[in-house]
Amino acid sequence: MNRNSIIFLAAVLLFLLLLPLFSSSALIGIFILIFFYAYLGQCWNILSGYVGAVSVGHALFVGIGAYISTKLALVWGLSPWIGMFLGGFCASIIALFIGYLGFRFRVKGVYFFLLTIAFAEVGRLIFLHLDVFGGPVGIFIPFKPSFINFQFKGNNPYYYIAMGMMIFSIIVVRIIEKSNIGLLSVAIREDEDAAQSLGVNSFKCKMILFFISGFMTALGGTFYANYFYYIQPDIVFGLGLSVDIILRPIVGGMGTVFGPVIGSFLMTPLAEFTRNYFAKGGYEGLHMIIYGIILIIVVLFFPRGLAPSFQRMYRSFKKNISKS
Amino acid sequence: MEKIRKKHSFLNVKEKSFLIVAGTILLGMALVITGFPGITIAAGPKVIKIGSIQPATGMIAEIGQACRRGNLLAVEDINARGGIKSMGGAKLELLLGDSEGKPPIGRSEAERLIKNGSVCLVGAFMSSVTMAIATLAEQRGVPFVIDIAAADPITQQGYKHVFRNFTKSSVFGRCYADYIKDIIAHSKVPIKRAVLMNIDDLFGTVTAKFTLKALKDKNVPIDIVAHITFPHAAKDISTEVAKAKAAKPDILIPIVRIASSRVLLKELYKQKVKLLGIVAPGCPGFYEPEFFKDMRKLANFIMDSPPWINPKSSMFKEVNARYQKKFNKGPMDTNSAYAYEGVMIIADALERAKSTEPDKIVAALRKTNIKEHITLGGPIVFDKNGDNPNAITGMLQNLNGRTRLVLPREFAEVDYVFPTPNLWER
């Protein structure tokens, strides 16, 4: 990273850190969603963006994280701050199991989609039928604001936690990208057979990334539970959430450090905006059409996501400046 | 060298035009989301804003829009009567929010409506969304009147700002058990065996559980001889119905939704299942006007017990007439009626609070006692949890192509017909 980009990132960070001082709680709420989806997108990106094994069942890990930390908090009074790591641990074990089945037997492309969807659905159905986890009624989480309980009265603590999580995920992805495993995974994504013929252990590489991805996604689940105070299998294990997770990195650019973040910064406010200004009485549903059209336009213009295009623009911009 | 540089230089035309468009959109969005600060302040003290969050789009858009219509009509009626008189005739304004049926969106819509100056919230139909908004309301100290949402735990969190006018899930079961007892007591033929058939989705499984529990708790003298679950999207349920038939039930307790109600009824007819009656514990599908259109004579005599409008209330007749005229829709249903009451309760509290301060509104809401209203049950009051203990369900029966209220007797339009004729003899 050169000096300019460091200055730019520091300025953005400073702006985001100071934002709650001068904005309404509603705006902060939107930013929380932006950070939250950017974080989840980033977790997904670790696996699907870098090794190209596209998972459409990442909600499974959100659900496991949400349920385990919540249940531990409700039954034993264990702070979600600790519970979230236990949840993450469980999720990563399951990720390893799915990964073993998928990668060991070289399940690829659409078949890997199906495998991940199937596991998410199995998770949903299991939790739907387990009465200890509230079954289909779900769990209503009592609101007892305190730091230990991961519950707060205002939006600002959530804002900083979500932002911290997002920055943490960016750093993790950046480290992975620069490390050996990142380089190997890109090689696998581009041509797995060629990479293997050069001695890359693709199985091990994918398993490690799936482990990290599952673990981190589950941490997001704990955040979800303690921000919305209600979890139910159809919501936290649902296909809808899985799609919400992957939409942002796809628009922003898979397999890039800032792709999911850019995607989330574009799409989350876009959804809010279209809903606020086109969802008037009598025109219900119009906002979804407009949102869809904008989405189509973005995908048409930037089929590989926004981040690679931005990067290219930035490079040529720099070149132009240094020339002149 | 020059050539190469040109090729790589800056943007191509496509990207440039996109950037211009995207930049404008983003800038506009940023401006609008942060809010032109002037707007909310300029509105003046004569307008009191209420935020309504309903699932106006998404899976249950139809219902969400009915709720929204109810909210809107109530605001219009109150303004036509001179607004909030104790506050110099201040007019109400309804800010519309759309949850799309998703908790994160519901929460973020509620935040927006609070930011835009809502002194009170009303909504939100789905229990999951309602829970997210209830917690938010508690966090922000904004009163929230739940017009519809049934899950019991919402009001068991000790929240001070949350009130619910709708019937709780557990009350659904209790009322149903009472009505079944009434039917058994007044029946000329003995009723001993029942089969419960429910769909396998969230609503189906939960309602089945509550119904079974209530029948047992209330010692209803009836045996559930079979409990059959079937997929909610199934087109063919002949095996399940054959199983039900083999159990030789006196009555059938179906828990279905709009599509599955048709599938079930047709199959019962085809297999000529002998039943004294079909008595549902409050599920959609049996009382909508479309049901009569689709099922014709088969629709008759079916009984169901949802929360319902009070057909004897003169206020309902008035409101209903205005509703039909304004929206050019069929008669007001349960959803729009409860939504109407939600705003009515808020207006009543504002009138007594003489202020838009949250604490004063909450204090006034606590003392709510509305005798004349448009849904079933006694006066609207709130207990210490914020629930309305007088909210109940009614027993309906389809008679001569119309849905009539048959129980409880103090509100009933007609007496019920039981045992009912066989499906194929109607």
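Everything numeric in this text was worked out from a predicted model, so none of it was measured. (Residues numbered from 1 in each chain as written. Chains lettered and ligands numbered in written order. Predicted model: local features only at pLDDT ≥ 70, side-chain atom pairs only at ≥ 80, totals over all residues. Heavy atoms only, no water.)

Side note on the interface of chain B and chain A
Contact with chain B, which involves 48 residues of that partner, is made by 54 residues of chain A. Roughly 4,500 Å² of surface becomes buried between chain B and chain A when both sides are summed, with 66% attributable to carbon and sulfur atoms. At the boundary of chain B with chain A, the tally comes to three salt bridges. A salt bridge links A:Asp131 to B:Lys209; the nearest nitrogen and oxygen atoms lie 3.5 Å apart. (Contact = heavy atoms within 4.5 Å. Buried area = accessible area lost by both parts, 1.4 Å probe. Salt bridge = Lys/Arg side-chain N within 4 Å of Asp/Glu carboxyl O.)

Points about the pairing of strand 8 (residues 251-255) of chain B
Residue and element names in this part refer to chain B. Across the five residues that make up strand 8, a large majority, five, are buried. Relative to strand 8, strand 6 (residues 193-199) is paired through five bridges, and the arrangement is parallel. When the sheet's bridge partners are listed, Asn198 is paired in strand 8 with Ile255. For the crossover from strand 8 across helix 10 (residues 258-270) to strand 9 (residues 277-280), the handedness is right-handed. (Buried < 20%, exposed > 50% of the residue type's maximum accessible area, 1.4 Å probe, protein only. Helix = DSSP H or I, 4+ residues; strand = E, 2+ residues; numbered from the N terminus. Pairing = 2+ DSSP bridges. Right-handed = clockwise from strand over helix to strand, strands pointing away.)

Topic: the domain arrangement of chain B
Residue and element names in this part refer to chain B. Parsing chain B into structural domains produces domain 1 (2-34), domain 2 (42-167 + 311-366) and domain 3 (170-306 + 395-425). Centre-to-centre, using C-alpha coordinates, domain 2 lies 32 Å away from domain 3. Listed per partner, the contact involves six residues of domain 2 and nine residues of domain 3. Both faces combined, the contact of domain 2 with domain 3 buries some 600 Å², and carbon together with sulfur accounts for 66% of it. (Domains from an automatic or database assignment.)

Describing the confidence of the model for chain A
Averaged over all residues, the pLDDT of chain A equals 89, while 98% of them reach at least 70. Within chain A, the element-level pLDDT minimum falls on helix 14 (residues 306-323) of chain A, averaging 79, and the maximum on helix 3 (residues 59-76) of chain A, averaging 95. (pLDDT = per-residue confidence, 0-100.)

Focus: the nonpolar core
A:Phe35, A:Tyr159, A:Phe223 and B:Leu121 are the most contacted members of the largest nonpolar core, which has 108 residues in total. A total of 19 residues in this core trace back to one element, the largest contributor, which is helix 2 (residues 25-51) of chain A. Leaving out residues up to four positions away in the same chain, B:Leu121 has contacts with B:Gly51, B:Ile53, B:Ala110, B:Leu113, B:Ile114, B:Ile133, B:Val142, B:Pro143, B:Phe144, B:Val145 and B:Ile346. Membership of the second largest hydrophobic core comes to 73 residues, among which are B:Cys120, B:Val220, B:Ile309 and B:Ile380. (Core = buried A, V, L, I, M, F, W, Y, C linked by side-chain atoms within 4.5 Å.)

Describing the pattern of salt bridges
All names here are of chain A. Throughout the structure, instances matching the rule amount to 26 salt bridges over all chains. When the shortest N-O distance is used, the salt bridge between Glu190 and Arg189 registers 3.1 Å. The exposure class of Glu190 is exposed, given its relative accessible area of 58%. Owing to a relative accessible area of 31%, Arg189 belongs among the partly exposed residues under this scheme. A salt bridge links Arg275 to Glu272; the nearest nitrogen and oxygen atoms lie 3.6 Å apart. Of this pair, Arg275 and Glu272 both sit in helix 12 (residues 259-278), three residues apart, roughly one helical turn.

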